[in-house]
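A structural walkthrough
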Amino acid sequence: MSIRLFSPVVLFLLLVFLIGPFLIIIAASLSAGDTLAFPPQGLSLRWVAKVFTIDSFRDSFAMSMFLAVFGTLAALVLGIPAAYALSRYRLPGSEAMRTVVSLPIIVPGIIVGLALLRYLVVPFGFNITLALFFAHTALVLPYAVRVVSASLGNLRSDIEEAAVLLGSSRFGAFFRVVMPNIRGGILAAFILGFVTSFNQVPVSLFLSGPGVRTLPIDMLGYMETTYDPSVAALSALLAFLSIGIVFLAERFLGFSRYV
C-alpha cells in the first residue's frame, strides 16, 4: 500500500522539478512590471511583443537558425555514410574512429571553442561565420553518427542484400531500401542536432564577433545591461518553438512509428 502511495508522490515531484522552471519563466514573461520578477507584477503581453521589435534578437535568431539547420544537414551528410560504414563493415580501427567522432561530446565545449579560436580563427584570419558553421557541424556530427548507427543496427542487413541480389546496385539499395527504413533515426538525429546547435553556448561564446552572434549569446549580452522580462518572454517562445517542432514531426512524419 505504501508503495502505491509513494509512486504518485514521486511522479508528482519529478513533474514539478521538470516543468516548474518552465512555468516560472512563462509567468515572468507575462509580467506587467518593468523588471524581471516572480511572482509577476500583473499580467501583460507587452514584453512578448517587444521581443519582435529588438533588432539584435532578430539578427541573432536568423544566425542561430542558419547554423542549426545547415550545420545539422552538413553533419547528416557526413554522418550517415560514416554510420553506414561503421555499422555494415568491419573496418580496421573502427573503434578508434568511433572515439574520434565522439570527441566533440567528450571534450568540454569551452575547450573546443578556445582551440578553434586560437588555432583556426586567429592565425589564419578565418571568417567568423564560417568558423561557427564548422564548429556547429562538428558538435552535431556525433549525434548524427550515433543515432543513425542505432537505426542501422535495428535494420536487418539481409533486406539490403536481397535488393542487391534482385539486381539493384549498392547505391540503389541504399537509397531505395535502407534510407526509407531509417528515416525515423535520421529525423531523430536532425531534431537532436538542431536543438543542440541552436542552444550551443560555450563554443559560440568564443567564436562570436562584431555583428555575428547567435541567439543564446545575444541573450546573455542583453541580460548584462537590461533586466526587463524580455529575455524570459523570448525563452518561453523558444521553448514553445521546440515543442512545436516535435509535435509537427510526430503529426506529419509519424515520428513514433519509426523510433
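Bear in mind the structure is a predicted one, so any value in this text is a computation, not a measurement. (Residues numbered from 1 in each chain as written. Predicted model: local features only at pLDDT ≥ 70, side-chain atom pairs only at ≥ 80, totals over all residues. Heavy atoms only, no water.)

Describing the overall build of the chain
A count of helical and extended segments in the chain gives 13 helices and zero strands. Secondary structure elements in the chain, listed N-terminal to C-terminal, are α-α-α-α-α-α-α-α-α-α-α-α-α. Each of the three principal axes of the chain carries a C-alpha extent, and together these read 70 × 65 × 35 Å. A burial count over the chain gives 36% of its 259 residues as buried. When contacts within the chain are restricted to residue pairs at least 6 apart in sequence, those whose partners lie at least 24 apart make up 70%. Per element, the accessible surface of the chain, about 15,200 Å² overall, is 72% carbon and sulfur. Charge centroids of the chain, computed over 16 positive and 11 negative side chains, lie 9 Å from each other. (Helix = DSSP H or I, 4+ residues; strand = E, 2+ residues; numbered from the N terminus. Buried < 20%, exposed > 50% of the residue type's maximum accessible area, 1.4 Å probe, protein only. Contact = heavy atoms within 4.5 Å. Areas by Shrake-Rupley, 256 points an atom, 1.4 Å probe, with all protein chains shown as cover. Lys, Arg positive; Asp, Glu negative; His and termini not counted. Charge placed at Lys NZ, Arg CZ, Asp CG, Glu CD.)

Some details on the nonpolar core
Ranked by size, the top nonpolar core spans 16 residues in total, and within it Leu76, Ile80, Val148, Leu152, Val178, Ile182 and Ile186 carry the most contacts. Listed by contribution, the elements that provide at least two residues to this core are helix H3 (55-88), helix H6 (128-153), helix H8 (170-181) and helix H9 (183-198). Ignoring anything within four residues of it in the chain, the contact list for isoleucine 80 reads Val148, Phe174, Met179 and Ile186. In this structure, Val51, Phe198, Leu234 and Leu238 belong to the second largest nonpolar core, which totals 15 residues. (Core = buried A, V, L, I, M, F, W, Y, C linked by side-chain atoms within 4.5 Å.)

Details of the packing of helix H7 (residues 157-165) against H8
H8 packs onto H7 with a crossing angle of 130° between their chain directions and a minimal axis gap of 9 Å. By the angle class used here, H7 and H8 are oblique. Our pair here, H7 against H8, has a crossing hand that is right-handed. For the pair H7 and H8, the contacting residues are Ile159, Glu160, Glu161, Ala163 and Val164 in the first and Arg170, Ala173, Val177 and Val178 in the second. Residues belonging to the contact of H7 with H8 are distributed by class as follows: six nonpolar, no polar and three charged. (Axes fitted to C-alpha atoms, helices over the stretch in contact; angles between N-to-C directions. Parallel < 35°, antiparallel > 145°, perpendicular 65-115°, else oblique. Left-handed = near helix turned anticlockwise from the far one by under 90°. Nonpolar A, V, L, I, M, F, W, Y, C, P; charged D, E, K, R; others polar.)

Observations regarding the pattern of salt bridges
Under the criterion given, the structure shown has two salt bridges. Residues arginine 213 and aspartate 218 are paired through a salt bridge, measuring 3.7 Å at the closest nitrogen-oxygen approach. Taking the relative accessible area as the measure of exposure, arginine 213 reaches 34% and is therefore partly exposed. (Salt bridge = Lys/Arg side-chain N within 4 Å of Asp/Glu carboxyl O.)

A word on the packing of H3 against helix H11 (residues 215-225)
Their axes nearest at 8 Å, the elements H3 and H11 cross at an angle of 150°. By the angle between their axes, H3 is roughly antiparallel relative to H11. When H3 is examined against H11, the residues Ser56, Phe57, Ser60, Phe61 and Ser64 are found in contact with a partner set consisting of Leu215, Pro216, Asp218, Met219 and Tyr222. When its residues are assigned to classes, the contact of H3 with H11 shows six nonpolar, three polar and one charged.

Section: the packing of aromatic side chains
For the structure shown, the criterion picks out eight aromatic pairs. A ring pair is formed by phenylalanine 22 and phenylalanine 240, whose centres lie 5.5 Å apart and whose planes are at 65°; its orientation type is edge-to-face. Of this pair, phenylalanine 22 sits in helix H1 (residues 2-29) while phenylalanine 240 sits in helix H12 (residues 230-253), and the two are 218 residues apart along the sequence. By relative accessible area, phenylalanine 240 is classed as partly exposed at 45%. Centroid distance phenylalanine 190 to phenylalanine 194: 6.3 Å. Interplanar angle 25°. Geometry classified as stacked. Taken together, the residues phenylalanine 190 and phenylalanine 194, both in helix H9 and four residues apart, mark about one turn of the helix. Of the residues examined, phenylalanine 194 reaches a relative accessible area of 9% and is grouped as buried. (Phe/Tyr/Trp six-rings, centres within 6.5 Å; stacked < 30°, edge-to-face > 60°.)

Regarding the confidence of the model for the chain
Per-residue confidence for the chain averages 79 on the pLDDT scale, and 93% of its residues sit at or above 70. Considering each helix and strand of the chain separately, the mean pLDDT is smallest for helix H13 (residues 255-258), with a value of 47, and largest for H3, with 88. (pLDDT = per-residue confidence, 0-100.)

Observations regarding the side chain of serine 151
Summarising the element assignment, serine 151 is placed in helix H6. On the accessibility criterion, serine 151 (16% relative accessible area) is buried.

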